[in-house]
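Here is how the chains run, residue by residue.
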Amino acid sequence: MKIILGILLISILFSPAAFAQVKFGDPAQQKLSIKISDNGDVHVTHMVENSAKTQQVEFLSRDFTDFTIIDAKGEEPQYAEAGGENPGIVLFPTKKNVTIEHDIKGMVKQRSGMWTWDYRYESDTSFYLPEQVSLFYANGNLIQIGNQKGIQCHGCQIFLEYELEPTIITKQVQWEGKSFDVKIITLADIPD
């Protein structure tokens, strides 16, 4: 009988379920602010609402640096590190809002001339693109920033694409006997 219990205990310890990530607390009530630099690095700010419950704050990557956490009075709240597939922290109940900041190097990748990021996170997120970006694609839709400093994503699932400086090709087009210059923003070659 002892052998059977021993084998059962060992099989439980080495089963995949034994290594599952355990979460403590509710998902954090928060908003994110993400500032993207020219080289694809990001500065992430989690603005977490105060709560009488324990909250789980997941980070975007395990490769973060320059971590800081303060409450509205500039003091460090009680928290614990949370590991696993999606690292973060467990924030214990607090009467004040909490700000968590960290940096992630190379989060936005350059592919075929475009900077891209397939971003998924359940909280509302504000993105601040590099200053020279005036046009970008959100889930394949072209968007012009104009005078805005950034964009907001509610939810948030977005495939973000942009060029730091758009590639503009000028072609002459003949129409009704007149010649016009047409400017095209593209990374593709346009035949004459």
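Only a predicted model underlies this, so the values are computations on that prediction, with no experimental measurement involved.

Participant: What is the right way to read the overall build of the protein chain from this model?
Facilitator: On a plain count of helices and strands, the protein chain comes out with one helix and 17 strands. Looking at the protein chain residue by residue over its 192 residues, the buried ones come to 32%. In the form shown here, the protein chain has an accessible surface area of approximately 12900 Å², with 53% of it arising from carbon and sulfur atoms.

Participant: I would appreciate a short explanation of the state of the cysteines in the present structure.
Facilitator: The full count for this structure, using the stated rule, is one disulfide. In this model, Cys-153 is linked to Cys-156 through a disulfide, with the two sulfur atoms separated by 2.0 Å. Around the S-S axis, the bridge from Cys-153 to Cys-156 shows a dihedral of about 105 degrees and counts as right-handed. You can call Cys-153 buried: its relative accessible area is 10%. Exposure remark for Cys-156: the relative accessible area of 4% places this residue in the buried category.

Participant: I keep staring at the pattern of salt bridges and nothing clicks. Help me out?
Facilitator: Any two side chains of opposite charge can pair, on the condition that their charged atoms come close. By the definition in use, this model includes two salt bridges. Of the charged contacts, one joins Lys-53 and Asp-26 as a salt bridge, the two residues approaching to 3.8 Å between their closest N and O atoms. Note that Lys-53 is positioned in the loop between strand 3 (42-48) and strand 4 (55-58) and Asp-26 in strand 1 (residues 26-27), a separation of 27 residues in sequence. A relative accessible area of 53% means that Lys-53 is categorised as exposed. Residue Asp-118 is joined to Arg-120 by a salt bridge in which the shortest nitrogen-to-oxygen separation is 3.2 Å. According to the relative accessible area criterion, Asp-118 is partly exposed, its value standing at 41%.

Participant: Is there a simple way to explain the confidence of the model for the protein chain in this structure?
Facilitator: Detail in the predicted coordinates should be disregarded across regions flagged by low pLDDT. When pLDDT is averaged along the protein chain, the result is 84; 83% of the residues meet or exceed 70. In the model of the protein chain, helix 1 (residues 2-13) stands out as the element of lowest mean pLDDT, 45, in contrast to strand 3, which has the highest, 98. The low-confidence segment residues 4-21 (pLDDT under 50) makes eight contacts with residues lying over four places distant or belonging to another chain.

Participant: Explanation requested: the environment of Met-47 in the structure shown.
Facilitator: Its place among the elements puts Met-47 in strand 3. Using a relative accessible area of 38% as the deciding quantity, one classes Met-47 as partly exposed. With residues near it in sequence (within four places) discarded, Met-47 still touches Gln-29, Gln-30, Lys-31, Leu-32, Ser-33 and Val-98.

Participant: Can you walk me through the pairing of strand 7 (residues 88-91) in this structure?
Facilitator: Successive residues of a regular strand alternate their side chains across the two faces of the sheet. Bridge count for strand 4 against strand 7 is four bridges, and the pairing is antiparallel. Each residue of the ladder has a partner; that of Gln-55, found in strand 7, is Leu-91. Inspection of the sheet shows strand 6 (residues 79-82) paired to strand 7 by four bridges, in the antiparallel sense. Across the sheet, the residue bridging to Ala-82 is Gly-88, located in strand 7.

Participant: Any chance you could explain the sheet that holds strand 11 (residues 124-128) here in plain terms?
Facilitator: Consider a sheet: its strands pair through backbone hydrogen bonds, and that pairing is either parallel or antiparallel. In space, the six strands of this open sheet follow the order 5-8-3-2-11-14, with mixed pairing throughout. Of all the strands in the sheet, just strand 5 (64-71) and strand 14 (151-153) have a single pairing partner and so form its edges. Sheet twist, expressed as the mean angle between neighbouring strand axes with direction ignored, is 15 degrees.

Rules used throughout
Residues numbered from 1 in each chain as written. Predicted model: local features only at pLDDT ≥ 70, side-chain atom pairs only at ≥ 80, totals over all residues. Heavy atoms only, no water. Helix = DSSP H or I, 4+ residues; strand = E, 2+ residues; numbered from the N terminus. Buried < 20%, exposed > 50% of the residue type's maximum accessible area, 1.4 Å probe, protein only. Areas by Shrake-Rupley, 256 points an atom, 1.4 Å probe, with all protein chains shown as cover. Disulfide = S-S within 2.5 Å. Salt bridge = Lys/Arg side-chain N within 4 Å of Asp/Glu carboxyl O. pLDDT = per-residue confidence, 0-100. Contact = heavy atoms within 4.5 Å. Pairing = 2+ DSSP bridges. Axes fitted to C-alpha atoms, helices over the stretch in contact; angles between N-to-C directions.

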